[in-house]
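A look at the structure
Okay, here's what each chain looks like letter by letter:
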Amino acid sequence: MATAIGTIQTRYGPATVAPTGAGQTIIHTIANWMWLPALVMGAMAILAAIGLGIAQADAARDLGEGFSAARKADFETLKPLTAGTLFLGEALVLSGISFLLATILGALRWGGGEVQESVGGAVKTLRMPWSAWAFLGLMMLGVMAEAAAFGGLVYVATQSHDAWAGATAASIPASVEAFNRALTWATWANPLREVALGLLLGGIAFALYTISNVLGFQFSRLRELITGRDEGGE
Amino acid sequence: MTAAGTLVLGQRTLKHTLTDRPLARNLAQSAGHYLALPMAGMGLMLVAVAFVIALVRAGLSVDLRAGFDAGDKAAFETLGQLLPGFMFLGFAILLGGISFSIARILGVFRTGGGEV
């Protein structure tokens, strides 16, 4: 990592000036390592959700043939698990995409520094802008919210199982308390899993916005190097 | 001076415009430039509103279990209809924000490439 010899204000935000290029930050390094595992885990979770969905359809068919408490309990248990696993998978895929966008930002930071250094000029590097912090915050919040929603839906599944195990009719749960708990938890856990996806999508929007700003800065720096004219650093 | 032509790049032939000065952003890129952040912000706000509706609905669900009340039931069902509306409108606007951000990037390439 180069030692900064000064800070300047550009129209793209504050930037540091150093004799050598800035390396990648810890966030970029994590992104370089994590994008593929996140995508693979997401795909695996989605496949698992498809399996759970098929099992749920099977339980529904069994239930159609004739009511039994075990069949009803299976069906009601699999319902929140399928939804939770599917959305967890989607959140992991969106996290993988977010990590990939962070690797692009890292490549722009590192590559831009390399180009400036090879030309022999001072290396100007944009400081982490507010939109990048927003991207990071929204992404982390989204992943945590999705994990919480998944935990909530697993609890709904356990309560649903308790509610229907031992039931004597399709419309009367064996444990009304467990049934009510499952309903109340599902009322907020289902929207929370969608909120998590919204947060991740918001993070992606901010990441793309940051990329456009960083690209603008890099083009500006290239123009400076070509023309030898300072474009606004004071 | 403006001229249109084709550029042969490898096996691909690309239509291009030849000008004596860099081009400005086109309409879609200008829209993306100004609207990317407002769209993302509005989308996030709508998703947050949807979650608040979900929390209120969960509270009503608890009240309804304690004892039936027509007002609570009506509010519970009404919020149940509003919730997906707010949530998915938020998603749509967020995806619009992502599209505008991509248009913004294309605008930077168009103007920056021309200026370099």
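Residues numbered from 1 in each chain as written. Chains lettered and ligands numbered in written order. Predicted model: local features only at pLDDT ≥ 70, side-chain atom pairs only at ≥ 80, totals over all residues. Heavy atoms only, no water.

A look at a nonpolar patch on the surface
Here is the rule: Each patch is built from salt-bridge-free residues with over 30% relative accessible area, joining like charges within 9 Å and nonpolar side chains (Val, Leu, Ile, Met, Phe, Trp, Tyr) within 5 Å. Each accessible area value is a Shrake-Rupley result obtained with a 1.4 Å probe; residue values ignore everything except the protein chains displayed when judging cover. Any carboxyl oxygen of Asp or Glu within 4 Å of a side-chain nitrogen of Lys or Arg constitutes a salt bridge here. Here a strand is any run of E in DSSP of at least two residues, a helix any run of H or I of at least four, and the numbering for each starts at the N terminus.
A cluster of nonpolar side chains, A:Val115, A:Val119, A:Leu222, A:Ile226 and B:Val116, forms an exposed patch at the surface whose accessible area comes to about 400 Å². When contributions to the nonpolar patch are tallied by element, the ones reaching two or more residues are helix 2 (69-119) and helix 4 (176-227) of chain A. Looking at where A:Ile226 falls in the secondary structure, it is placed in helix 4.

Here we look at the pattern of salt bridges
The condition is simple: Using a 1.4 Å probe on the protein chains alone, a residue whose accessible area is under 20% of its type maximum counts as buried, one over 50% counts as exposed, and one in between counts as partly exposed.
Scanning all chains against the criterion turns up 11 salt bridges over all chains. Here A:Glu224 makes a salt bridge to A:Arg221, at a shortest N to O gap of 2.6 Å. One end of the pair is A:Glu224 and the other is A:Arg221, both in helix 4 and three residues apart, which spans about a single turn. Relative accessible area serves as the criterion here: at 8%, A:Glu224 is assigned to the buried category. Measuring nitrogen to oxygen at the nearest pair gives 2.4 Å for the salt bridge that ties B:Glu115 to A:Arg223.

Focus: the packing of helix 3 (residues 130-164) of chain A against helix 4 of chain A
All names here are of chain A. Defined as follows: All axes here are fitted lines through C-alpha atoms, helices being fitted over the stretch that makes contact, and every angle between N-to-C directions spans 0 to 180 degrees. Here the word oblique covers every angle except those under 35 degrees (roughly parallel), over 145 (roughly antiparallel) and from 65 to 115 (roughly perpendicular). Should the near helix be turned anticlockwise from the far one by less than a right angle, the crossing is left-handed, and should it be turned clockwise, the crossing is right-handed. Three classes are used: nonpolar for Ala, Val, Leu, Ile, Met, Phe, Trp, Tyr, Cys and Pro, charged for Asp, Glu, Lys and Arg, and polar for all others, with Gly counted as polar.
Running from amino to carboxyl end, helix 3 crosses helix 4 at an angle of 160°, the nearest separation of the two axes being 7 Å. Judged by the inter-axis angle, helix 3 sits roughly antiparallel to helix 4. The crossing of helix 3 and helix 4 is left-handed. Its residues placed into classes, the contact of helix 3 with helix 4 shows 30 nonpolar, nine polar and four charged.

Concerning the interface of chain B and chain A
The condition that has to hold: Contact between two residues is taken to exist if any of their heavy atoms lie within 4.5 Å; hydrogens are not considered. Buried area is a sum: the accessible area each of two parts loses on coming together, probed at 1.4 Å, counted once for each and added.
Across the boundary between the two partners, chain B contributes 32 residues, which contact 30 residues of chain A. Summed over both partners, the interface of chain B with chain A buries about 2700 Å², with 81% contributed by carbon and sulfur atoms. The tally of links between chain B and chain A comes to one salt bridge. When residues of the side of chain B that touches chain A are assigned to their parent elements, the largest contribution, 18 residues, is made by helix 2 (residues 70-115) of chain B.

A short note on the environment of A:Ile27
Relative to the assigned elements, A:Ile27 resides in helix 1 (residues 26-65). Ignoring sequence-local partners within four residues, the contact set of A:Ile27 consists of A:Met128 and A:Leu136.

Observations concerning helix 2 of chain A
Filter applied, for reference: Here the expected length of a helix is defined as 1.5 Å per residue gap, with one fewer gap than residues.
Taking 1.5 Å as the rise per residue, helix 2 of chain A with 51 residues should run 75 Å; its terminal C-alpha atoms sit 75 Å apart, in good agreement. Of the residues trailing helix 2 of chain A, A:Gly120 is marked for its positive phi of about 100°.

Here's the deal with the sheet that holds strand 3 (residues 123-126) of chain A
Residues and elements named next belong to chain A. Short version of the rule: Note on pairing: two strands pair once DSSP finds at least 2 bridges between them.
The strand order across the open sheet formed by three strands is 1-2-3, and the pairing between neighbours is antiparallel. Unpaired on one side and paired on the other, strand 1 (6-10) and strand 3 mark the two borders of the sheet. Pairs of neighbouring strands in the sheet enclose a mean axial angle of 35°, with direction left out of account. In terms of strand pairing, strand 1 meets strand 2 (residues 13-18) through five bridges, oriented antiparallel. If you follow Thr7 over to strand 2, its bridge partner there is Thr16. Relative to the sheet, helix 4 contacts strand 1, strand 2 and strand 3, its axis offset from that of strand 3 by approximately 165°.

So, the nonpolar core
Counted only if it meets this: Here, nonpolar core means buried Ala, Val, Leu, Ile, Met, Phe, Trp, Tyr and Cys residues that are tied together by side-chain atoms lying within 4.5 Å of each other.
Judged by nonpolar contacts, the single largest core of 54 residues is most densely connected at A:Ile211 and B:Met87. Counting residues per element, the ones that place at least two in this core are strand 2, helix 1, helix 2, helix 3 and helix 4 of chain A together with helix 1 (27-66) and helix 2 of chain B. Counting residues per element, this core draws most heavily on helix 4 of chain A, which supplies 17 residues. If you look at the next biggest cluster of nonpolar residues, it comprises five residues, including A:Ala163, A:Trp164, A:Ala167 and A:Ala178.

Topic: helix 1 of chain A
Residue and element names in this part refer to chain A. Counted only if it meets this: To get the bend at a given residue, fit one axis to the seven residues ending there, fit another to the seven starting there, and take the angle between those axes.
For helix 1, built from 40 residues, the straight-helix expectation of 58 Å at 1.5 Å per residue is met to within 8% by its first-to-last C-alpha distance of 57 Å. Along its length, helix 1 reaches its greatest deviation from straightness, about 45°, at Met34, and the proline Pro37 lies no more than four positions downstream. Of all the residues in helix 1, the buried ones are His28, Ala31, Ala38, Gly42, Ala45, Ala49, Gln56, Ala59 and Leu63. Taken together, the buried residues of helix 1 touch helix 2.

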